[in-house]
Amino acid sequence: NAGVTQTPKFRVLKTGQSMTLLCAQDMNHEYMYWYRQDPGMGLRLIHYSVGEGTTAKGEVPDGYNVSRLKKQNFLLGLESAAPSQTSVYFCASSYDGGTAGLYFGPGTRLTVL
Amino acid sequence: GQQLNQSPQSMFIQEGEDVSMNCTSSSIFNTWLWYKQDPGEGPVLLIALYKAGELTSNGRLTAQFGITRKDSFLNISASIPSDVGIYFCAGQGGSNYKLTFGKGTLLTVNP
């Protein structure tokens, strides 16, 4: 089992460019999440999904879109990147909505110049 | 929304010392979780707590679910250099599918 994987690991964008971060999990989990981590801010929820074909907004959804076309994949899109979106992005999944914990991916470090 | 206050923000200790950190909330939680994040990696679950008053150990780590259900504590005994990292508390309340995370405690262990 690979668990939760994220692609890419690092990326540098210019302001206004777009990109998609890919998250994949092989644990057949229903729930998937995207978090961003900034120094001193902890983990903040961007969007989440409670099953294939569903998405919902978290705490900081502005400037991001997501899609869950397949159960095992959760995509995070930035349509027009801004320097404020420089962060480390973590994908996570769970089978029970988090009560037994979330399984996190290794993260994507994104820099927007 | 729900917020967690985690303290201390950072700790710098000597190898062999014991460590304590805690999280408090203004809301009641049904589940408390403690995670550790190694540098450059994603957080990994250490301990999960499901009942008020529950005390659970995982090796040198011990965590407690507060009686009021608004707080939780994590203790690390006899720290070693590999304990270095960021420790996060997280809570889940009600019937939502999300966890609320604390801002983390950065632990540095001096050999």
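Data block above holds the structure.
Residues numbered from 1 in each chain as written. Chains lettered and ligands numbered in written order. Predicted model: local features only at pLDDT ≥ 70, side-chain atom pairs only at ≥ 80, totals over all residues. Heavy atoms only, no water.

1. Brief notes about the state of the cysteines
All names here are of chain A.
- Overall, the coordinates contain two disulfides over all chains when judged by the stated rule.
- Through a disulfide, Cys23 is tied to Cys91; the S-S separation comes to 1.9 Å. Taking the torsion about the sulfur-sulfur bond, which here is approximately -75°, the covalent link between Cys23 and Cys91 counts as left-handed. Placement of Cys23 in strand 3 (residues 19-25) and of Cys91 in strand 9 (residues 87-94) is noted, with a sequence separation of 68 residues between them. Each of the two residues, Cys23 as well as Cys91, counts as buried. (Disulfide = S-S within 2.5 Å. Helix = DSSP H or I, 4+ residues; strand = E, 2+ residues; numbered from the N terminus. Buried < 20%, exposed > 50% of the residue type's maximum accessible area, 1.4 Å probe, protein only.)

2. Considering the sheet that holds strand 8 (residues 73-78) of chain A
Residue and element names in this part refer to chain A.
- As summarised here, the arrangement of the four strands in space is 1-3-8-7, forming an open sheet in which the pairing is antiparallel. Whereas interior strands pair on both sides, the edge strands pair on one side only; in this sheet they are strand 1 (4-7) and strand 7 (64-67). On average, each strand axis in the sheet is inclined to that of its neighbour by 20°, with strand direction left out of account.
- Bridge count between strand 3 and strand 8: six bridges; the pairing is antiparallel. Each bridged residue has a counterpart across the sheet, and for Thr20 the counterpart in strand 8 is Gly77. (Pairing = 2+ DSSP bridges. Axes fitted to C-alpha atoms, helices over the stretch in contact; angles between N-to-C directions.)

3. Some points on the sheet that holds strand 3 (residues 19-25) of chain B
Residues and elements named next belong to chain B.
- Taken together, five strands build an open sheet; the order of strands is 1-3-8-7-6 and the sheet is antiparallel. Of all strands in the sheet, those bounded by a partner on one side alone are strand 1 (4-7) and strand 6 (55-58). Averaged over all pairs of adjacent strands, the angle between strand axes in this sheet comes to 15°, irrespective of strand direction.

4. Re the environment of Thr86(A)
Residues and elements named next belong to chain A.
- By the element assignment, Thr86 lies in the loop between strand 8 and strand 9.
- Considered as a pair, Thr86 and Pro8 are 78 residues apart in the sequence and their alpha carbons are 14 Å apart.
- Beyond its immediate stretch of four places on either side in the chain, Thr86 contacts Arg36, Asp38, Leu110, Thr111 and Val112.
- At 2.9 Å, the side chain of Thr86 and the backbone nitrogen of Val112 are in polar contact. (Contact = heavy atoms within 4.5 Å. Polar contact = N/O pair within 3.5 Å; in protein donor to acceptor, adjacent residues only side chain to side chain.)

5. Here's the deal with the interface of chain A and chain B
- In this complex, chain A contributes 21 residues to the contact, which on the side of chain B involves 19 residues.
- For the pairing of chain A and chain B, the buried interface totals around 1600 Å² over both sides, and the portion due to carbon and sulfur atoms is 59%.
- In this structure, the connection of chain A to chain B is made through zero salt bridges.
- Here chain A is connected to chain B by five residue pairs in polar contact (both at pLDDT 80 or more).
- Put simply, the parts of the chain that give the side of chain A that touches chain B at least two residues each are strand 4 (31-38) and strand 5 (42-49) of chain A.
- Its residues assigned to classes, the side of chain A that touches chain B shows 13 nonpolar, eight polar and no charged. (Buried area = accessible area lost by both parts, 1.4 Å probe. Salt bridge = Lys/Arg side-chain N within 4 Å of Asp/Glu carboxyl O. Nonpolar A, V, L, I, M, F, W, Y, C, P; charged D, E, K, R; others polar.)

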